[in-house]
Amino acid sequence: MAETAVASKKVKLIITRQDAPNSGSYTEEFEVPYRPNMNVISALMEIQRNPKKADGKDTAPVCWESNCLEEVCGACSMVINGKPRQACSALVDKLAQPIRLQPMSTFPVVRDLVINRERMFNALKRVKAWIPIDGTYDLGPGPRMAETKRQWAYELSKCMTCGVCLESCPNVNDRNSFIGPAAISQVRLFNAHPTGEMNKEERLETLMEDGGIEGCGNSQNCVRSCPKGIPLTTSIAAINKDTTKHLFKKWLGM
């Protein structure tokens, strides 16, 4: 009896779709067979296998992105029942139905649930979120990072550029050039690195420009929504302090 009940159970989804970057959006309703321990990606795969709407009419398969399926790559970010999160870790059993899927509105839509996260990657380029080791490897190993510093730096390194923090931040939108919490946190990470700190002042200068750290309104939505639990507001506070110290040093000619 239990197996029969599970076999007849359906998962209902309402998906916001968009056929092209410049076309309008619309919604379609779907019903897919339920299986225990399903996640949202599993439901989308069922629609891909049998692209029929809830009324039985054929439609185009829904487009979405995914890669690792274990909340590491950040590719499957979308808005699920009004909350930006990862589809791979969103379990159907824990979601109210119908499950509403929408693309993140902070980023341009490519198609359906696929978005263009170029805004994030350009922000990382602006702040030079990398360790410049070209040529320096000939000098041998660099200085070791203290264990106490390494432990909290590791927490910052968990960022997977999923975009959820930008989606939840009210200051990141198409009317604002705010660089976003992810890039600011990465500045803290790379400025703490014994080799990365060679570019510390350059990164701080970037965050002192328009759209930099002054754009943060301290809503703290980012730290509440981050799927990796990264202390983003702590990083923003630390970098705020660093940019202020850097500014006074410039005034004093130090």
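As a reminder, the structure under discussion sits directly above these lines.
First, a word on what this report is: a plain description of the structure on this page. Nothing here was measured: the structure is a model prediction, and the numbers come from that model.

## Comments concerning helix H3 (residues 118–126)
Here is step 1: Taken residue by residue, H3 has Met120, Ala123 and Leu124 as its buried positions. Looking straight down H3, one finds that the buried residues subtend no more than 100° of arc, so they occupy a single side.
Here is step 2: Here the buried face of H3 lies against helix H5 (164–168) and helix H6 (181–192).
Here is step 3: Phi for Lys128, located one or two positions after H3, is positive at around 50°.

## Focus: the sheet that holds strand S2 (residues 25–33)
Here is step 1: Judged by pairing direction, the sheet is mixed, and its 5 strands sit side by side in the order S2-S1-S5-S3-S4 without closing on themselves. Because the sheet does not close on itself, it has two edges, and the strands there are S2 and strand S4 (83–86). Each strand axis lies, on average, 30° off the axis of its neighbour in the sheet, ignoring direction.
Here is step 2: As defined by bridge partners, strand S3 (residues 77–80) adjoins S4 across 4 bridges and the pair is classed as antiparallel. The residue bridging Ser77 from the neighbouring strand is Gln86, located in S4.
Here is step 3: Of the strands in this sheet, strand S1 (10–18), S2, S3 and strand S5 (99–102) touch helix H2 (residues 40–49), which is tilted by about 95° from S2.

## Section: the packing of aromatic side chains
Here is step 1: Inspection of the entire model under this criterion finds 1 aromatic pair.
Here is step 2: Considering the side-chain rings of Phe248 and Trp251, the 5.3 Å spacing of their centres and the 85° angle between planes classify their relative orientation as edge-to-face. You can see Phe248 and its partner Trp251 sitting in helix H9 (residues 232–251), 3 residues apart, about one turn around the helix.
Here is step 3: In this structure, Lys9 is placed above the aromatic ring of Tyr34, and the distance from its NZ or CZ to the ring centre is 4.2 Å.

## Considerations on the side chain of Gln86
Here is step 1: Mapped onto the secondary structure, Gln86 falls in strand S4.
Here is step 2: The exposure class of Gln86 is buried, given its relative accessible area of 1%.
Here is step 3: Separated by 2.7 Å, the side chains of Gln86 and Ser77 make a polar contact.
Here is step 4: Not counting residues up to four positions away in its chain, the partners in contact with Gln86 are Glu71, Gly74, Ala75, Cys76, Ser77, Ile80, Met160, Cys162, Val164 and Pro227.

About the thresholds
- Residues numbered from 1 in each chain as written.
- Predicted model: local features only at pLDDT ≥ 70, side-chain atom pairs only at ≥ 80, totals over all residues.
- Heavy atoms only, no water.
- Buried < 20%, exposed > 50% of the residue type's maximum accessible area, 1.4 Å probe, protein only.
- Helix = DSSP H or I, 4+ residues; strand = E, 2+ residues; numbered from the N terminus.
- Arc of directions from axis to C-beta.
- Contact = heavy atoms within 4.5 Å.
- Pairing = 2+ DSSP bridges.
- Axes fitted to C-alpha atoms, helices over the stretch in contact; angles between N-to-C directions.
- Phe/Tyr/Trp six-rings, centres within 6.5 Å; stacked < 30°, edge-to-face > 60°.
- Lys NZ or Arg CZ within 6 Å of the ring centre and 35° of its normal.
- Polar contact = N/O pair within 3.5 Å; in protein donor to acceptor, adjacent residues only side chain to side chain.

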